[in-house]
Amino acid sequence: MHKENMEDLRKLFIGLDKKVIVNGKGRIVPINFDNAATTPPFKRVLKKVLETSEYYGSIARGDGQKSQYCSDLYEECRNYVLKYFNAPVEKYTAIFVSNTTDGLNKLSNILIEKSDDIVITTRMEHHSNDLPWRNKCNLKYVETDEKGRVKMDELEELLNKYNGQVKLVTVTGASNVTGYINDIKKIAKLTHRCGGKIIVDGAQLVPHKKVSMISDDCEENIDFLVYSAHKIYAPFGSGAIVGLKDSFNKLEPDIKGGGTVQIVLDNHLLWLDTPEKNEAGTPNLFGAIAMVEAMKEVEKIGFKTIESNEKEILEYLIKGLKEFNKVILYGDNDNIDDRLGIIVFNIEGMGYEEVGERLAEIRAIAVRQGGFCSHPYTRRVLGIKTNDLQQYISKNGIPGMVRVSLGIYNTKKEVDIFLETIEYMCRRYLIRFKN
């Protein structure tokens with residue numbers, strides 16, 4: 001992307017150039033390379049929230065003008081979400097949740113009816129798409145290969161083995177550790193042919209790639225998609241499940257209370273249809289409108305721009321890190337067509353905590369370090385065998401790495417500053433090591 005276009009893009013955000021104090025001394029503009037965790041907000045997001053706050057009223061609980069305005073706006077947000085993901089209203093609903101973790105827990109609580117329901121997931125998953133299914137169903141795992149990619153042949157074997165018995169396949173659209181993008185259309189087709197439904201954890205995928213719930217081949221349709229607003233440039237604790245209406249209407253909600261029922265008698269009740277039945281309590285209006293405003297801005301920027309800029313910077317970053325013989329890169333850094341702008345590494349002789357702390361202390365660079373709430377996968381990416389894990393932990397602590405994750409506003413200039421800081425840290429370590 002041309003420099004002037006990138007500068008225009010950065011102007012869409014609030015706080016990118018807000019200086020911070022480093023080591024109690026000078027004030028400098030920080031660099032955020034932790035976008036896989038949380039992204040900064042667009043200016044239009046906060047503007048819309050502020051405008052709406054002047055007309056704030058209860059949602060679907062009153063006939064006052066402000067209440068009606070907010071109720072209509074809330075439903076407009078829902079309809080936009082469905083349109084954004086190409087989800088026909090006759091078949092799909094959008095249920096607002098707090099975040100992806102909340103949404104995946106909700107799905108596990110609603111969709112699992114018996115403890116022997118077979119659910120297939122992978123060892124690539126974030127804890128949020130692993131832990132909610134444990135001890136609740138008959139959970140099967142698909143392994144990853146030596147580079148960290150999901151073993152598709154193993155998934156096929158499991159689906160064929162339990163053909164007709166698989167209830168769900170739940171898989172991340174893209175890894176928050178390595179950035180690998182899974183072929184969700186292929187997984188959907190394999191799942192549907194074996195009689196199951198597919199859930200996609202879209203927390204990392206949605207901010208970077210266009211996702212459609214339906215395809216030309218209906219066997220490739222997505223049944224459930226979950227994502228978070230705070231990873232797509234909107235705060236206020238919101239997210240959504242886009243999923244099949246029939247599944248929600250036929251099963252009881254996981255949370256019960258105000259706004260979920262048509263009538264409650266002493267010994268009987270009648271549920272509303274979804275989505276109301278699955279959104280107990282007063283809705284998070286500001287979260288919904290913040291998320292939708294951010295999605296509108298992303299749509300305006302265009303995924304072609306987002307993807308090309310991200311790929312260019314990722315290639316530049318990988319090339320730069322390969323120059324340092326003390327930097328250990330993980331995953332496949334040669335074939336990156338199936339990668340988001342995420343890279344994980346360690347520096348020989350330095351703990352990942354120290355690397356993260358030094359980057360912040362020296363140059364106000366924010367990265368993530370540790371196991372990324374994906375401990376089983378992180379251990380596999382590091383190449384630590386199961387039999388060696390306990391010994392590794394007793395000697396080194398929880399296995400971890402340092403992660404750089406790009407947003408649509410990051411620049412090559414920021415990468416240059418990052419690489420200069422890494423070079424400085426490597427030199428300092430060499431001096432310390434020699435002494």
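Rules and cut-offs
Residues numbered from 1 in each chain as written. Predicted model: local features only at pLDDT ≥ 70, side-chain atom pairs only at ≥ 80, totals over all residues. Heavy atoms only, no water. UniProt positions renumbered as here; feature names shortened; annotations may be inferred. Axes fitted to C-alpha atoms, helices over the stretch in contact; angles between N-to-C directions. Helix = DSSP H or I, 4+ residues; strand = E, 2+ residues; numbered from the N terminus. Parallel < 35°, antiparallel > 145°, perpendicular 65-115°, else oblique. Left-handed = near helix turned anticlockwise from the far one by under 90°. Contact = heavy atoms within 4.5 Å. Nonpolar A, V, L, I, M, F, W, Y, C, P; charged D, E, K, R; others polar. Buried < 20%, exposed > 50% of the residue type's maximum accessible area, 1.4 Å probe, protein only. Pairing = 2+ DSSP bridges. Right-handed = clockwise from strand over helix to strand, strands pointing away. Expected span 1.5 Å × (residues − 1).

The chain has the name Aminotransferase, class V in an unreviewed UniProt entry, where Clostridium celatum DSM 1785 is given as its organism. Heading Catalytic activity (unreviewed entry) of the UniProt record for the chain holds this comment: "(sulfur carrier)-H + L-cysteine = (sulfur carrier)-SH + L-alanine".

**Considering the packing of helix α5 (residues 152-161) against helix α6 (residues 184-193)**
Here α5 crosses α6 at 15 degrees, and the two axes come no closer than 10 Å. Classified by the interaxial angle, the pair formed by α5 and α6 is roughly parallel. At the point where α5 passes α6, the crossing takes the right-handed sense. Counting all contacts with α5, which are made through Met152, Leu155, Glu156 and Leu159, the residues of α6 involved are Lys186, Ile187, Leu190 and Thr191. By residue class, the composition of the contact of α5 with α6 is five nonpolar, one polar and two charged.

**Some remarks on the pairing of strand β8 (residues 197-201)**
Burial within β8 is extensive, with four of its five residues counted as buried. Strand direction decides the pairing type here: strand β7 (residues 166-172) and β8, joined by five bridges, are parallel. From the neighbouring strand, Thr172 faces β8, where its bridge partner is Asp201. Chirality of the crossover, the property in question, places the unit of β7, α6 and β8 among those that are right-handed. Here β8 runs beside strand β9 (residues 224-228); their pairing, made up of three bridges, is parallel. Residue Asp201 lies in a different strand from β9, and its bridge partner there is Val226.

**Topic: helix α8 (residues 285-301)**
For α8, with 17 residues, the first-to-last C-alpha span of 25 Å sits near the 24 Å given by 1.5 Å per residue. Across the 17 residues of α8, 14 count as buried, placing the element largely inside the fold. Of the residues one or two after α8, Gly302 is the one with positive phi, at around 95 degrees.

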